[in-house]
There are 2 protein chains.
Amino acid sequence: MNTRLRHDAIVRSLRRNGTLTVADLAQEVGASRRTVLRDISALRDEGFVIHSEPGRGGGLQLDPQSVQTTARLSVAEVFALLISVACMRAAGNLPFSGLADAGLAKIERALPSDKVRDLRRFLDCLYVGQLSPQVDISDMGVMEPALLPAFETAFLQRHHLGFQYRDAKGAVTSRIVEPQAMLILPPLWYLVGWDPVREDFRHFRMDRISRPKYLPNTSFRQRHVPFEDNIRPIRDLPR
Amino acid sequence: MNTRLRHDAIVRSLRRNGTLTVADLAQEVGASRRTVLRDISALRDEGFVIHSEPGRGGGLQLDPQSVQTTARLSVAEVFALLISVACMRAAGNLPFSGLADAGLAKIERALPSDKVRDLRRFLDCLYVGQLSPQVDISDMGVMEPALLPAFETAFLQRHHLGFQYRDAKGAVTSRIVEPQAMLILPPLWYLVGWDPVREDFRHFRMDRISRPKYLPNTSFRQRHVPFEDNIRPIRDLPR
DNA sequence: TCATTAGTGACAGAATTTGGCACTATTACA
DNA sequence: TGTAATAGTGCCAAATTCTGTCACTAATGA
C-alpha cells in the first residue's frame, strides 16, 4: 500500500470511528504500529489536528473541523472561483465571504506569482454596482463562453476587440473597441469600450455580444474610465 | 531531492523558460535525463499538458492554461465556496459559473462522502428568489458569524434554535423556532422558522438576529415549507 | 503496582526510486 | 543523403527511502 493511500485510509478510519488506538488503526490499514505512528506524525505536519491520550482507555481522535481536502485546479478554474466570491462580496452583505476568502487565498497562494499578477490586473478592470435596473429576465441572452477569454487577452495585451452587437431593437452591427472595463450590475454585465470611430465610450450588454475576437495586429494606450462613486472595483481580494 | 519537489521545480522551470530540452531540465533540477522523462510522464498523468517536439531544435513546452494549483481546504472553506457559487448561479445569468462549478466539483469529489451528504442536505433548505425588494442598504445590519454554524447544526440535528430578534421598529424579542429553511433575496437573507408558540411560520431577516444558539435538549420533526413558485432551492449543484 | 496506551530511536531488510546504458523514432540542417 | 540533436522506452544494478521489529520512556486509570 502506497503511503498516500494509507494516509487517506487513516483519516477515513478516524473520521468513521471517532476514537481509535494506534494498534486498531495498524490492524485496519494493514501496517505496523510504528508505521501508523509515523503516518500520524506526517498528517499532523500537514495540518490535521489529531488529539491523543496516553494510558488505559486512551487513543487517537481526529478533530473533525480540521478535515481537509485537496484538488488540482487549473488557472481558469481558480479565476472563476475568484470572480464568484469577489462578486458575491461586492454585491452585498453576504455571510461566509470571510471563509470563502480564506479558502481562495490558500488556492491563490499556490499559483505561480506571474499568473496572480495577471489575475489582479484583470480584476482591476471589473466594476460592480449595487443593484441592477429592473430587467426583464426573459429577454436576457446567454453570454458567449468565448467572450471572457477574448476580453481578458485583449485587455492584458492592449489589443482591440471586435464583435457583433445586437441592440435593444434587434439590429446587429459590427464593432471594434478598445476594451476598458467590465461593469457588473447583477444580473447584467456590461462591456465598457472606447469606440475609436465614434470617439466615445460605449457600454455593451454582454449577453448581446456575439463572435468576440481580439485583433492582435492592433494596439492602444490604456485610459482610465470615469466611473460613478457608487461603483467600485472588485479588486478588494483575499489577503 | 524529493519526487514532489522535483515535479514542482520542473513545472516552475518550464513556465519560466518557455521551451526547454530534457537535458536542460535534468541539469537544472539536478537529476538524470531518465528521471526527468519519468517525471514528465507523471506530470502528464496528473493533467499537465506538456507539448514536445523531437528532433533538432525540439524540446518540451508547458501549456500555460494547464498550470494547476493545489491547496488543502477545510470543510468549512469548501462549504463557503460552494454557497458562493451556488448563489451566484441561482441569482442570475452569470458567466464563469460553468468553470467555477468544474473547480468546485473537483474539490467536492475529494471530500469524505458523509460530509458531502451533510452539505447537500443543508443546501436543500436554502432557497433563492429572483430579486430583492428595494431595500435601504444603509439600514442593513451585519449578519452574525455564529449564525450560520448554529443554523446548520440546529437544522441537521433537528434542534430548536434560539436568538434575539430586532424588528423593523427596533424592538428586541427572544425567539425560539424550529429552523425550516433559509431564503435568499439578494442582498437580504431570511431565516424561515416554525414558531411553536405562535404556531405559525415566521420570516426573520438574518441581519437582525443576534446571539443565535441551538438548543441541544430539544428536538422536532422536520416539516415541508410551502414556498412560492418563483423561489427555487439552490440545490442544483456542480455534478 | 500493573496493564494499557502514546511516542521515540536504532537498525536490518524490503520496497521503491534513480542513474546509466542501449536502443528507436523524428526532425533540422549541411 | 548523412549527421547531429532531440523525445521517448526498456532493462538492470545501485542508491535511497520506507517499513517492521525491538527496546525503550512517559503517562494514565484501575
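Analysis parameters
Residues numbered from 1 in each chain as written. Chains lettered and ligands numbered in written order. Predicted model: local features only at pLDDT ≥ 70, side-chain atom pairs only at ≥ 80, totals over all residues. Heavy atoms only, no water. Near = heavy atom within 4 Å. Polar contact = N/O pair within 3.5 Å; in protein donor to acceptor, adjacent residues only side chain to side chain. Helix = DSSP H or I, 4+ residues; strand = E, 2+ residues; numbered from the N terminus. Phe/Tyr/Trp six-rings, centres within 6.5 Å; stacked < 30°, edge-to-face > 60°. Buried < 20%, exposed > 50% of the residue type's maximum accessible area, 1.4 Å probe, protein only. Pairing = 2+ DSSP bridges. Contact = heavy atoms within 4.5 Å. Axes fitted to C-alpha atoms, helices over the stretch in contact; angles between N-to-C directions.

Chemist: Sorry if this is basic, but what is going on with the protein's contact with DNA strand D here?
Modeler: Around DNA strand D sit 24 residues in total, of which R6 and T35 of chain A together with R33, R34 and S52 of chain B are the nearest. The sugar-phosphate backbone supplies 55% of the atoms of DNA strand D found within 4 Å of the protein. Within the side chain of R38 of chain A, one N or O atom sits 2.9 Å away from a base nitrogen of DNA strand D. Note that a base oxygen of DNA strand D is positioned 3.2 Å from one of the backbone N or O atoms of G55 of chain B. Broken down by secondary-structure element, the contributors of at least two residues to the surface near DNA strand D are α1 (3-17) and α3 (33-45) of chain A together with α3 (33-45), β2 (50-53) and β3 (59-62) of chain B. The element contributing the most residues to the surface near DNA strand D is α3 of chain B, with four residues.

Chemist: How should the packing of aromatic side chains be read in this particular structure?
Modeler: Between two aromatic rings, the relevant description is the distance of the centres plus the angle of the planes. Tallied over the full model, the rule gives six aromatic pairs over all chains. Ring centres of Y165 of chain B and F204 of chain B lie 5.0 Å apart, and the angle between their planes is 75°; this geometry places the pair in the edge-to-face category. Of this pair, Y165 of chain B sits in strand β6 (residues 160-166) while F204 of chain B sits in strand β9 (residues 200-205), and the two are 39 residues apart along the sequence. Here Y165 of chain B falls in the buried class, since its relative accessible area comes to 8%. Through a chain of ring-to-ring contacts, the aromatic side chains of F163, Y165 and F204 of chain A assemble into a single cluster.

Chemist: When you look at the sheet that holds β2 of chain B in this model, what are you seeing that I'm missing?
Modeler: Hydrogen bonds between backbone groups are what pair the strands of a sheet, and the pairing can be parallel or antiparallel. All names here are of chain B. Strands sit in the order β1-β3-β2 across an open sheet of three strands; the sheet is antiparallel. One side of each edge strand has no neighbouring strand; the edge strands of this open sheet are β1 (19-20) and β2. Where β2 lies against β3, four bridges are found, and the strand directions are antiparallel. Bridge pairing in β3 places S52 opposite L60. Across the sheet, α3 touches β2 and β3, and the angle it forms with β2 is around 135°.

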